[in-house]
Amino acid sequence: MATKFKNFINGKWVEPDSGKYFENINPASKTEVLGVFPRSESSDVEKAAQAAENAFEKWKEVPAPKRGEIILKAAQLLIEKKEELARIATREMGKILMETRGDVQEGIDTAIYMAGEGRRLFGQTTPSELRNKFAMTVRAPVGVVGIITPWNFPVAIPTWKIFPALICGNSIVFKPATDTPESAIRLVEILTEAGIPDGVINLIFGSGSDVGKAIITHPKINLISFTGSSETGRFIASECGKRLKKCALEMGGKNAQIIIDDADLDLAVDGALWGAFGTTGQRCTATSRLIVHKKALDDFSHKLLERTKKIIIGNGLDQDTQMGPLINEPQREKVHNYVGIGKNEDKAELLMGGEPHAEGKCSQGFFYKPTIFTNGNPGMRIAQEEIFGPVVLIMPVKDFDEAIKVINNTQYGLSSSIYTKDLNLAFKAVEKIQSGIVYVNSPTIGAESHLPFGGVKDTGNGHREAGVTAIDIFSEWKTVYIDYSGRLQKAQIDTE
Ligand code: NAD
């Protein structure tokens with residue numbers, strides 16, 4: 001009998017008003033039910049928003065360094081429970097243990113960084129244009145924050161939002177993806193054990209169309225921090241726009257790695273394998289296009305194929321596994337559908353993979369073979385649309401200039417990479433590539449928690465998570481003028 005989990009409102013685990021629940025299953029073994037979780041509705045969100053609004057009044061008064069101490073305690077608990085959390089995340093979303101350990105580590109790094117931010121939260125002091133007048137800025141919390149997250153980084157992504165929100169003095173209504181609910185439960189338990197007061201963090205399970213929509217439209221929730229697809233992000237932006245509500249959106253990607261003919265090809269293949277097939281291609285930063293100089297094409301393709309054939313597919317909890325399953329059956333169907341599109345597209349050639357992997361123990365999960373297409377051109381749908389699976393397209397180019405044109409020929413702009421030994425080309429690429437993150441001689445994957453993370457074009461709406469830029473999302477600037485002249489001074493008018 002699977003464990004029944006509850007929502008968390010005002011410091012208590014409570015049943016959903018509907019009394020209804022959904023099952024969550026293991027994508028590596030679909031008959032394994034991991035737990036049942038509340039199918040909540042707008043009335044549950046209402047209670048959570050009310051609790052968060054009440055708790056905000058006290059939480060914002062707690063000095064930021066004290067809030068930082070609680071977050072540091074959460075970091076220590078995350079360190080102690082790293083292995084347990086990693087195993088839960090692997091069971092829920094399938095990626096291999098090495099990767100879920102990294103996922104939790106990113107949460108630890110973020111907690112440590114944000115705990116320190118409690119003793120910074122820097123504003124500015126600056127001269128006034130008038131005599132005997134002092135000018136400065138301070139940061140104020142935004143209020144109640146709605147946090148909506150995807151399943152592919154079940155620990156890291158929530159922590160990227162929760163820790164900066166908390167250090168700034170906000171309270172939270174948190175809705176995780178329905179595929180990774182237990183990871184969210186464990187995270188909230190850790191926050192509670194660390195000393196986050198009742199009502200400051202509230203957790204509501206349920207679908208995007210019910211719970212997600214109730215969060216984004218709720219009048220007491222002042223800011224939406226969302227990570228997920230561009231389609232959902234567009235909907236959230238329009239709903240927030242109607243209400244003049246602040247929203248920070250982290251969305252899809254169609255990331256590419258350029259390989260110049262002078263590159264170390266073995267290193268470039270290492271990067272391509274990790275970028276394309278890590279997390280079974282289900283990362284916003286996954287490499288889905290390989291833009292290869294014609295002179296390096298044969299060597300690179302041959303090496304990539306040989307290495308890809310050796311990838312061990314299986315349950316992410318098994319020691320030897322190098323690539324786990326896709327998240328669920330609809331996602332596997334979506335990936336397979338794109339493979340069909342690719343096969344029918346002009347000139348694209350399927351080099352390997354292109355079908356589900358259902359051998360042996362894998363017959364019980366949503367596995368898919370690593371898939372490589374070649375002869376791609378930028379007009380193809382598989383070169384333009386986010387597939388979110390282990391599918392990569394090789395696109396030959398004649399020179400650096402064409403590579404830059406191809407890499408920028410996409411609606412997205414999250415992460416890009418170039419492999420070359422030519423320093424001049426590397427710097428030119430950094431300048432010309434249109435994306436939020438550029439890597440030189442390393443793959444499109446590898447963000448660190450103290451640097452800004454986010455993208456341009458349809459990947460984002462102008463914000464950056466992680467590092468100090470996350471603080472800009474979760475706080476409002478307040479500008480303060482203090483006049484100690486004892487008389488009326490008029491800015492822009494009194495010039496002496
Ligand atoms: P998704 O957009 O389907 O869902 C994300 C979250 O939004 C889930 O919690 C979902 O329940 C909720 N949601 C869905 N519809 C909603 C609605 N109408 N109103 C409010 N909430 C709603 O995305 P997904 O399939 O969970 O994740 C994959 C996508 O996330 C990919 O496009 C990937 O690129 C993107 N992603 C982006 C980043 C980034 O930082 N840029 C990181 C990870 C994933």
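Here the structure is a predicted model, which is why all the values come from computation and not from measurement.

### Describing the overall build of the protein chain
Inference 1: In terms of regular secondary structure, the protein chain is built from 15 helices and 19 strands.
Inference 2: Its C-alpha atoms give the protein chain a radius of gyration of 24 Å, within 12% of the compact-globule value 23 Å for 496 residues.
Inference 3: C-alpha atoms of the protein chain, sized along the principal axes, occupy 80 × 70 × 40 Å.
Inference 4: Counting every position in the protein chain, which comprises 496 residues, the buried fraction comes to 57%.
Inference 5: Counting contacts in the protein chain only where the partners sit at least 6 residues apart, residues at least 24 apart contribute 73% of the total.

### Looking at the environment of Gly252
Inference 1: Topologically, Gly252 is positioned in the loop between strand 11 (246-250) and strand 12 (255-259).
Inference 2: For Gly252, a relative accessible area of 2% puts it in the buried group.
Inference 3: As a C-alpha pair, Gly252 and Leu488 span 236 residues in sequence and 53 Å in three-dimensional space.
Inference 4: Ignoring sequence-local partners within four residues, the contact set of Gly252 consists of Gly228, Ser230, Glu386, Tyr412 and Thr459.

### A closer look at the pairing of strand 10 (residues 221-227)
Inference 1: Across the seven residues that make up strand 10, a large majority, six, are buried.
Inference 2: In this sheet, strand 10 lies alongside strand 7 (residues 144-148) in parallel orientation, the contact comprising five bridges. Paired with Val145 across the two strands is Leu223, which belongs to strand 10.
Inference 3: Summarising the sheet, strand 10 and strand 11 pair through five bridges and their orientation is parallel. Bridge pairing in strand 11 places Phe226 opposite Leu249.
Inference 4: At this point the chain moves from strand 10, through helix 8 (residues 230-242), to the parallel strand 11, and the crossover so formed is right-handed.

### Structural notes on the UniProt feature "active site" (unreviewed entry) in the protein chain
Inference 1: UniProt's entry tags Glu250 with the feature "active site" (unreviewed entry), counted in the numbering of this structure.
Inference 2: Note on placement: Glu250 falls in strand 11.
Inference 3: The class for Glu250 is buried, based on a relative accessible area of 5%.
Inference 4: Here Glu250 is in contact with Phe226, Thr227, Gly228, Phe453, Gly454, Gly455, Thr459, His463, Arg464 and Glu465, once residues within four sequence places are set aside.

### Remarks on the layout of surface pockets
Inference 1: What the largest pocket holds in volume is close to 1000 Å³.
Inference 2: Around the largest pocket, the lining comprises 43 residues; the ones closest to its centre are Pro150, Trp151, Gly228, Ser229 and Thr232.
Inference 3: Those elements that place two or more of their residues in the lining of the largest pocket are helix 7 (208-217), strand 10, helix 8 and helix 11 (329-344).
Inference 4: Per-element tally for the lining of the largest pocket: the top contributor is helix 8, with six residues.
Inference 5: When residues of the lining of the largest pocket are assigned to domains, at least three map to each of domain 1 (7-251 + 460-480) and domain 2 (255-440).
Inference 6: The calculated volume of the second largest pocket comes to roughly 450 Å³.
Inference 7: Of all the elements in the fold, those that place two or more residues in the lining of the second largest pocket are helix 4 (97-117) and helix 9 (265-277).

### Focus: the side chain of Glu106
Inference 1: Take Glu106: it is sitting in helix 4.
Inference 2: With no salt bridge to any partner, buried Glu106 finds its closest opposite charge in Arg283, at an N-O distance of 6.3 Å.
Inference 3: Reaching out from Glu106, the side chain makes a polar contact with the side chain of Trp160 at a distance of 3.4 Å.
Inference 4: Leaving out residues up to four positions away in the same chain, Glu106 has contacts with Phe153, Ala156, Trp160 and Ser449.

### Here we look at the sheet that holds strand 12
Inference 1: What the seven strands build is an open sheet, ordered 14-15-16-13-12-17-18; its pairing is mixed. Taken across any chain shown, the strands that pair with only one partner, and hence form the sheet edges, are strand 14 (349-352) and strand 18 (437-440). Within this sheet the neighbouring strands show an average axis-to-axis angle of 20°, counted without direction.
Inference 2: Inspection of the sheet shows strand 12 paired to strand 13 (residues 287-293) by five bridges, in the parallel sense. Pairing of Asn255 across the sheet is with Thr287, part of strand 13.
Inference 3: Relative to the sheet, helix 9 contacts strand 12, strand 13, strand 15 (371-374), strand 16 (391-397) and strand 17 (415-419), its axis offset from that of strand 12 by approximately 170°.

### Topic: a nonpolar patch on the surface
Inference 1: Among the surface-exposed residues, Leu72, Ile79 and Ile112 lie close enough to one another that they form a single nonpolar patch of about 260 Å² accessible area.
Inference 2: Looking at the secondary structure, you find Ile112 in helix 4.
Inference 3: Given a relative accessible area of 44%, Ile112 falls into the partly exposed group.

### What to know about the packing of aromatic side chains
Inference 1: Here the structure, examined in full by the defined rule, presents six aromatic pairs.
Inference 2: Between Trp160 and Phe453, the ring centres sit 4.7 Å apart and the planes meet at 65°, which makes this aromatic pair edge-to-face. Remark: Phe453 occurs in the loop between strand 18 and helix 15 (469-474) and Trp160 occurs in helix 5 (residues 156-167); sequence separation between them is 293 residues. No difference in accessibility class separates Trp160 from Phe453, as the two residues are buried.

Quick notes on the rules
- Throughout this description, residue numbers start from 1 for each chain and increase along the sequence as written.
- Local features in this predicted model are restricted to residues of pLDDT 70 or higher, and side-chain atom pairs are both shown and tallied only at a pLDDT of 80 or more, whereas totals for entire chains, interfaces and linings draw on every residue.
- To obtain the side-chain values, all non-hydrogen atoms of the structure were used and water was disregarded.
- Every helix listed is a DSSP run of H or I at least four residues long, and every strand listed is a run of E at least two residues long, numbered separately from the N terminus.
- The quantity called the radius of gyration is restricted to C-alpha atoms. Its globule counterpart is 2.2 Å times the number of residues to the power 0.38.
- Burial classes follow relative accessibility: with a 1.4 Å probe on protein chains only, a residue under 20% of its type's maximum area counts as buried, one over 50% as exposed, and anything between as partly exposed.
- Residue contacts are counted whenever heavy atoms from the two residues lie within 4.5 Å of one another.
- By definition, two strands form a pair when at least two bridges between them are found by DSSP.
- Looking down the strands as they point away from the viewer, one classifies a crossover as right-handed if the path from the first strand across the helix to the second runs clockwise.
- UniProt positions are given in the numbering used here, feature names are shortened, and annotations may be inferred rather than shown by experiment.
- Cavities and pockets are defined on a 1 Å grid built over the protein atoms alone: a cavity is a set of grid points where a 1.4 Å probe fits but cannot escape, while a pocket is an open set with protein on both sides within 12 Å along at least five of seven lines, and lining residues are those with an atom within 4 Å of any such point.
- Grid points are joined across faces, edges and corners, and a volume is the space filled by probe spheres set on the points.
- Residue ranges labeled as domains rest on an automatic or database domain assignment.
- Positive charges come from Lys and Arg, negative ones from Asp and Glu, while His and the chain ends are left out of the count.
- One side-chain nitrogen of Lys or Arg within 4 Å of one carboxyl oxygen of Asp or Glu is enough to make a salt bridge.
- Side-chain atoms alone can form a polar contact between residues adjacent in sequence; in general such a contact is a pair of N or O atoms within 3.5 Å, and within protein one must be able to donate a hydrogen while the other accepts it.
- Geometry is summarised by axes, namely lines fitted to C-alpha atoms with helices restricted to the contacting stretch, and by angles between N-to-C directions that run from 0 to 180 degrees.
- What makes a patch is a set of residues exposed beyond 30% relative accessible area and free of salt bridges, joined within 9 Å when like-charged and within 5 Å when nonpolar (Val, Leu, Ile, Met, Phe, Trp, Tyr).
- What sets the accessible areas is the Shrake-Rupley method with a 1.4 Å probe; for residues, cover comes only from the shown protein chains.
- Side-chain rings of Phe, Tyr and Trp (the six-membered ring for Trp) are treated as a pair once their centres are within 6.5 Å; stacked means planes under 30 degrees apart, edge-to-face means over 60, and tilted covers the remaining angles.

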